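# Results of the structural survey
If you want the building blocks of each chain, they are given just below.
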Amino acid sequence: MQQLGTKCVQAGYRPENGEPRQVPIIQSTTFRYESSAAMGKLFDLEAAGYFYTRLQNPTCDIVAAKIAALEGGTAGMLTSSGQAANFFSIFNLCSAGDHVVASSAIYGGTYNLFAVTMKRMGIDFTFVRPDATEDELHAAFQPNTRAMFGESIANPALDILDFELFAKVAHEHGVPLVVDNTFPTPVNCRPFEFGVDIVTHSTTKYMDGHGTQVGGAIVDSGNFDWFAHKDKYPGLTTPDESYHGIVYAEKFGQGGAFITKCVAQLMRDFGSSPAPQNAFLLNLGLESLHLRMKRHCENGQAMAEFLESHDKVAWVNYPGLKSNKYYALAQKYMPNGTCGVVSFGVKGGREAAERFMSGLKIAAIATHVADARTCVLHPANATHRQLSDEELVKCGVGPDLIRLSCGIEDAADLIADVDQALANV
Ligand SMILES: *Cc1c(COP(=O)(O)O)cnc(C)c1O
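Only a predicted model underlies this, so the values are computations on that prediction, with no experimental measurement involved.

The helix and strand inventory of the protein chain stands at 17 helices and twelve strands. Against the compact-globule benchmark of 22 Å for 425 residues, the protein chain has a radius of gyration of 22 Å, which places it among compact chains. Each principal axis of the C-alpha distribution contributes one length, and for the protein chain these read about 75 × 55 × 40 Å. Here the protein chain holds 425 residues, and the buried ones make up 53% of them. Taking as baseline every contact in the protein chain between residues at least 6 positions apart, the subset at least 24 positions apart corresponds to 72%. Looking at the protein chain as shown, the accessible area adds up to about 17,600 Å², and 52% of this sits on carbon and sulfur atoms.

Another point: the sheet that holds strand β3 (residues 124–128). Read from one edge of the open sheet, seven strands run β1-β7-β6-β5-β4-β2-β3, paired in mixed fashion. Unpaired on one side and paired on the other, β1 (75–79) and β3 mark the two borders of the sheet. The sheet shows a mean angle of 20° between the axes of neighbouring strands, direction not considered. Where β1 meets strand β7 (residues 216–220), five bridges bridge the pair, whose relative direction is antiparallel. Looking at the pairing, threonine 79 lines up with glycine 216 of β7. In this fold helix α3 (residues 58–71) packs onto β1, β6 (198–202) and β7, with an angle of close to 125° to the strand it touches most, β1. Against the sheet, helix α5 (residues 108–120) touches β2 (99–103), β3 and β4 (145–151), its axis set at about 145° to β3.

It is worth spelling out helix α12 (residues 276–287) at this point. Taking 1.5 Å per residue as the helical rise, α12 with its twelve residues ought to reach 16 Å, and the 17 Å between its terminal C-alpha atoms agrees with that figure. Those residues of α12 that fall on the buried side of the exposure criterion are Pro276, Ala279, Phe280, Leu282, Asn283, Gly285 and Leu286. On its buried face, α12 is in contact with α1 (4–10), α3, β1 and α13 (289–308).

Reading the values: the criteria
Residues numbered from 1 in each chain as written. Predicted model: local features only at pLDDT ≥ 70, side-chain atom pairs only at ≥ 80, totals over all residues. Heavy atoms only, no water. Helix = DSSP H or I, 4+ residues; strand = E, 2+ residues; numbered from the N terminus. Rg over C-alpha atoms; globule rule 2.2 N^0.38 Å. Buried < 20%, exposed > 50% of the residue type's maximum accessible area, 1.4 Å probe, protein only. Contact = heavy atoms within 4.5 Å. Areas by Shrake-Rupley, 256 points an atom, 1.4 Å probe, with all protein chains shown as cover. Pairing = 2+ DSSP bridges. Axes fitted to C-alpha atoms, helices over the stretch in contact; angles between N-to-C directions. Expected span 1.5 Å × (residues − 1).

Right, here's the structure in full:
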């Protein structure tokens, strides 16, 4: 089996004799067939092939196959955003009247998708703390629970999910565990090795790494036995009348059913399709993911240690610090490093944070993380601007919190920039 670095560079595409070395961008909405009988087979899911890029496109499939290989999954697909990936991953398992248990330490956009928008679709969510005890996790389940959801490293709280505990509880209730693995990427963490069943990504972040495209991905481990829980997942285990009565888990097996249904039904109906050009750009990012993640982690670690020793800094949150609550879990699940995002508080609260931000010269103020270029955000003044100081503290994003996403520049320059900005506080 190939190592991860080789997969980052080569997985998903192997040109035949005389074919282009780089992944071709198939910039075509449609594909020609010799007979309508041949095309009919595709529409019936009787044959594999392309007919319309809303459903599938060769460039996108090559890149999805690379991400599936990196995660060690059986099937994968790209979506037009991380939001679409998380929506599809849950909606592929649930209908109105169903219920999901989700960690409360998740990306704000995902929280809103679940707690507001999907709730309006009739799907209920119970949120549990990522550090909940086994008993507390069990207590969140209901007879109509169909999935459990969490983030490997929560954005922006940086809590580490205890995969083995969450997977154990999910499986005792006969439901799959879905995990958003955006922050560590498969280079630093492969959730399938710890019992996770389905992985999602915002490929907008480290996987792209250069701020060029918004995208998402879903990968199936192929480990969840849909037929063992037939009553819970009729969408996978009973005939789909919109495809002449095929049964996904029968026709495509345990390894292919989830993704095939997700493409055939959700991509068909919601159309959150990635552009082939974007898949190409994403693939360029993936080719250096293993090199960049190493540097992001080195810079994050050096920055966190520097901040921890600085007398103008009130607190530092980085799972690579020995003092961190999640240090042991990070060592267990991501021994080679976590990510480049560090959050910290400047003594003096909101005003001190504002002065610090305006003094930075290398780190750019941007609503983005996980980019080759260092970027920084003061949530109290941006994403969480509508909240009062008290509300900010309640949701774990205090008025002094600064989220610093260390890029792949030289650590010494990044630290010098932060040091001179702190001098102005
Ligand atoms: C950014 C992000 C998302 C949303 O992804 P988009 O590509 O912006 O739609 C989901 N999960 C996590 C952890 C993220 O950081």
